[in-house]
Amino acid sequence: MRRGYFATDAGLVPCYLVEERSRALTEAYGLFIDARDGQLLRVICLIQRGTGQYPHIDQPGGFIPFATGAGEGKVFKNVKDARAGKATRLTLKNVSLGVPSPANVTKGFVVSARADTWDAYGQDPFSAQLEFNYGPFSAAGYDHFDLVNTMYQVEKFHQHVRGAIGQDLATNFSLPIVCNIASASPNAFFSSSTFPMDNHTSGFLAFFDLTQLLLEPAADVSRDPAVVAHEYTHAWLFFEGLSFTGDLDEPSRAVNEAVADFFAVTWQKDTVIGRYLDDQWPELSISRNLQDDDHFPETTFAAMAISQTGLPEEHRNGEVFGSFLVDVRKKVGSARAEQILYDSFPFWPHEMADVGYPEVTPENAILATETFFTASVQGMLSIPLSTHEIGAIIGAAAGRGFCNTVASSTRFASSLESAPERRFKFFSRVTRPGNLQQFPFLAQQGRILNVTLAGKRNSGLEPEFVLAPFSGNPDDVVESAAKVYADHGRVVRQEGLLLQEPDLGTYMITVWGTNESTGQYTLTIDA
């Protein structure tokens, strides 16, 4: 019972708030009682019921709905808190009110609208009051904490993605999840196979736990919120029919890992996945940094060097494409980048046969990677985009080396004639010394072009460019003024370039860093 005030037509009156709950917590009400005369002023429902669905595929309709309400539990709010071991007691929304759990399943009592968490050895927490306040390092409850925390991460990540793409996900049901699987190596995965605990459905997540090996409660893979989001992305795209499939270490699977990394780190407002896991097992170098110098084909060769299949190891190879996606995110914003990916996924290749590679071998793996990555970029460019977004996508792909470079086989061209104010900006980078990016564009005969190439401040890049016509005739570009260099060589500009190719001609700007300098840059061309 708490004291407070209640608003009436006559103004605020002192009152008591009394909570009435049923034994199984299937009902809970708040009663506002006038403190002056004991009159009942108002009754409100304290349980906000959700719309959970349990995935019993053998039932009519495929899903069994169940009531959900609000409980509480201790969780890690984010990766930073997980690394610090800082658990916070929070309200858990959409927790199952079923006693026992939905569909008469005898385990898995930590059930929410989108996560049905199971302990691998049947030690499932249960609370009729929906109170799951287990400490992450408590000897009596740290495995229980793992289940509650994983459920929370799934609910929050689902909420994030649904908000970003503006619609419900195909995983809008209680997805089975197994935690605390004893192992000698950290691992996690999504499987589309039958749920092994009771075979009641297909498709589940699994998270390994090294506690029995290291005698350390923190040695649980599910404690990393970004890893939970990564695996949930695999599940979500599978149920959407948008996953990227193939044999182990094929480039299509590298894109699958890159996309999962991207959504996970974007949710955490980060560029690195696996920070928590690196804390636990620093000798394994588990984390993937999506803002370092990963570049095609060097990273792909490095992935082949560590592979046991002879093909480029899919997680390492995926760092190139994941870094490209984060580069795009940094220029168009997180929510817009997520929306672009989701809207364009139907236009991407999803298996190697889609790009003409029914078989990937060590001999063709490099070209197969370039082809699949480039076709995925083409998919992104196949939906309505602003010129800013086009410049971000093409520029990022050029910076990561798998298209729009001197060495690549594909260069995406832009049209100045269709751009607002006949102006384009490309946001790219010289990732490694000696890289040369190329940006072809179409322009009408007689256009006068201005070009500005600006390296990012304090990046160390000393940029340079050259403009040439595709015709190979140098007289098709007439210079009215020399290049002007500013800010100690960080900016180079040239104005008044007369374009003279007949009709609608194609021109190419090639960009590089002098003196083996590297860094980010912006290329602006306008006519």
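In case you missed it, the structure is sitting above this.
Residues numbered from 1 in each chain as written. Predicted model: local features only at pLDDT ≥ 70, side-chain atom pairs only at ≥ 80, totals over all residues. Heavy atoms only, no water.

1. A closer look at the sheet that holds strand β7 (residues 68-75)
Reasoning step 1: With mixed pairing, the three strands of this open sheet are ordered in space as β8-β7-β11. Looking at the sheet topology across the chains shown, the edges are occupied by β8 (88-96) and β11 (131-132).
Reasoning step 2: Of the pairings in the sheet, the one linking β7 to β8 comprises seven bridges and is antiparallel in character. Across the sheet, Glu-72 pairs through a bridge with Thr-91, a residue of β8. (Pairing = 2+ DSSP bridges. Helix = DSSP H or I, 4+ residues; strand = E, 2+ residues; numbered from the N terminus.)

2. Considerations on the sheet that holds strand β13 (residues 188-194)
Reasoning step 1: Pairing within the open sheet is mixed, and its five strands lie in the order β9-β10-β12-β14-β13. If you trace the sheet from one side to the other, it starts and ends with β9 (110-111) and β13, each paired once.
Reasoning step 2: Together, β12 (175-182), β13 and β14 (202-209) form the strand contacts of helix α4 (residues 225-240), whose direction differs from that of β13 by roughly 30 degrees. (Contact = heavy atoms within 4.5 Å. Axes fitted to C-alpha atoms, helices over the stretch in contact; angles between N-to-C directions.)

3. Quick notes on the packing of helix α5 (residues 251-267) against helix α9 (residues 334-344)
Reasoning step 1: It is the contact of α5 with α9, at a shortest axis distance of 11 Å, that shows an interaxial angle of 155 degrees. It follows from the interaxial angle that α5 and α9 lie roughly antiparallel. Crossing handedness for the pair α5 and α9: left-handed. Counting all contacts with α5, which are made through Phe-262, Phe-263 and Thr-266, the residues of α9 involved are Ser-334, Ala-337, Glu-338 and Leu-341.
Reasoning step 2: The class makeup of the residues in the contact of α5 with α9 is four nonpolar, two polar and one charged. (Parallel < 35°, antiparallel > 145°, perpendicular 65-115°, else oblique. Left-handed = near helix turned anticlockwise from the far one by under 90°. Nonpolar A, V, L, I, M, F, W, Y, C, P; charged D, E, K, R; others polar.)

4. Section: the side chain of Thr-374
Reasoning step 1: With respect to the secondary-structure elements, Thr-374 resides in helix α10 (residues 365-380).
Reasoning step 2: Overall, the relative accessible area of 5% leaves Thr-374 in the buried class.
Reasoning step 3: Only 3.0 Å separates the side chain of Thr-374 from the backbone oxygen of Phe-402, close enough to count as a polar contact.
Reasoning step 4: Excluding its chain neighbours within four sequence positions, the residues that come into contact with Thr-374 are Phe-402, Cys-403, Thr-410 and Phe-412. (Buried < 20%, exposed > 50% of the residue type's maximum accessible area, 1.4 Å probe, protein only. Polar contact = N/O pair within 3.5 Å; in protein donor to acceptor, adjacent residues only side chain to side chain.)

5. Brief notes about the pattern of salt bridges
Reasoning step 1: Per the stated rule, a full pass over the model turns up 20 salt bridges.
Reasoning step 2: Here Asp-146 and Arg-223 are joined by a salt bridge, their closest N and O atoms 2.6 Å apart. Separated by 77 residues along the polypeptide, Asp-146 in helix α2 (residues 142-165) and Arg-223 in the loop between α3 (211-214) and α4 bring together distant segments of the chain.
Reasoning step 3: Notably, a salt bridge pairs Arg-275 with Asp-270, separated by 2.7 Å at the nearest N-O pair.
Reasoning step 4: Salt bridges linked by common partners bring Asp-294, Arg-316 and Glu-319 together as one network. (Salt bridge = Lys/Arg side-chain N within 4 Å of Asp/Glu carboxyl O.)

6. Digging into helix α8 (residues 314-332)
Reasoning step 1: Its 19 residues give α8 an end-to-end C-alpha distance of 27 Å, which sits within 8% of 27 Å, the value for a rise of 1.5 Å per residue.
Reasoning step 2: Where α8 bends most, at Val-320, the angle is about 35 degrees.
Reasoning step 3: Most of α8 is tucked away, with 15 of its 19 residues classed as buried.
Reasoning step 4: Phi turns positive one or two residues past the end of α8, at Gly-333, with a value near 95 degrees. (Expected span 1.5 Å × (residues − 1). Bend = angle between axes of the 7 residues up to and from the residue.)

7. Thoughts on the environment of Asp-354
Reasoning step 1: For Asp-354, the location among the structural elements is in the loop between α9 and α10.
Reasoning step 2: In the structure, Asp-354 is positioned 18 residues away from Phe-372 in sequence and 8.7 Å away in space, judged by C-alpha atoms.
Reasoning step 3: A distance of 2.8 Å separates a polar atom in the side chain of Asp-354 from the backbone nitrogen of His-350.

8. What to know about the pairing of strand β26 (residues 519-526)
Reasoning step 1: By the criterion of burial, β26 is predominantly enclosed, with six of the eight residues buried.
Reasoning step 2: Relative to β26, strand β20 (residues 448-455) is paired through six bridges, and the arrangement is antiparallel. Opposite Asn-450, over in β26, you have Asp-526 as the bridge partner.

9. A closer look at unusual backbone geometry
Reasoning step 1: With an omega of 5 degrees, the peptide bond between Phe-296 and Pro-297 qualifies as cis.
Reasoning step 2: With respect to the helices and strands, the residue Pro-297 is situated in the loop between β16 (288-289) and α7 (298-305).
Reasoning step 3: One non-glycine residue, Asn-458, lies in the positive phi region at around 65 degrees.
Reasoning step 4: One can find Asn-458 in the loop between β20 and β21 (463-469).
Reasoning step 5: For Asn-458, a relative accessible area of 84% puts it in the exposed group.
Reasoning step 6: Even without glycine at this site, Asn-515 takes up a positive phi of about 55 degrees.

10. Here we look at the packing of aromatic side chains
Reasoning step 1: The final tally for this structure, using the stated rule, is 26 aromatic pairs.
Reasoning step 2: Clustering of aromatic rings is evident, with ring pairs tying together Phe-244, Phe-321, Phe-324, Phe-345, Trp-348, Phe-373 and Phe-402.
Reasoning step 3: Directly above the aromatic system of Phe-137 lies the positively charged group of Arg-223, at a separation of 5.6 Å from the ring centroid. (Phe/Tyr/Trp six-rings, centres within 6.5 Å; stacked < 30°, edge-to-face > 60°. Lys NZ or Arg CZ within 6 Å of the ring centre and 35° of its normal.)

11. Looking at the pairing of β20
Reasoning step 1: Of all the eight residues making up β20, six are buried; the element is thus mostly covered by neighbouring parts of the structure.
Reasoning step 2: In this sheet, strand β24 (residues 491-499) lies alongside β20 in antiparallel orientation, the contact comprising six bridges. The residue bridging Ala-454 from the neighbouring strand is Val-491, located in β24.

12. As for the environment of Gly-166
Reasoning step 1: With respect to the helices and strands, the residue Gly-166 is situated in the loop between α2 and β12.
Reasoning step 2: Overall, the relative accessible area of 61% leaves Gly-166 in the exposed class.
Reasoning step 3: Taking the C-alpha atoms as reference points, Gly-166 and Thr-361, separated by 195 residues in sequence, lie 40 Å from one another.

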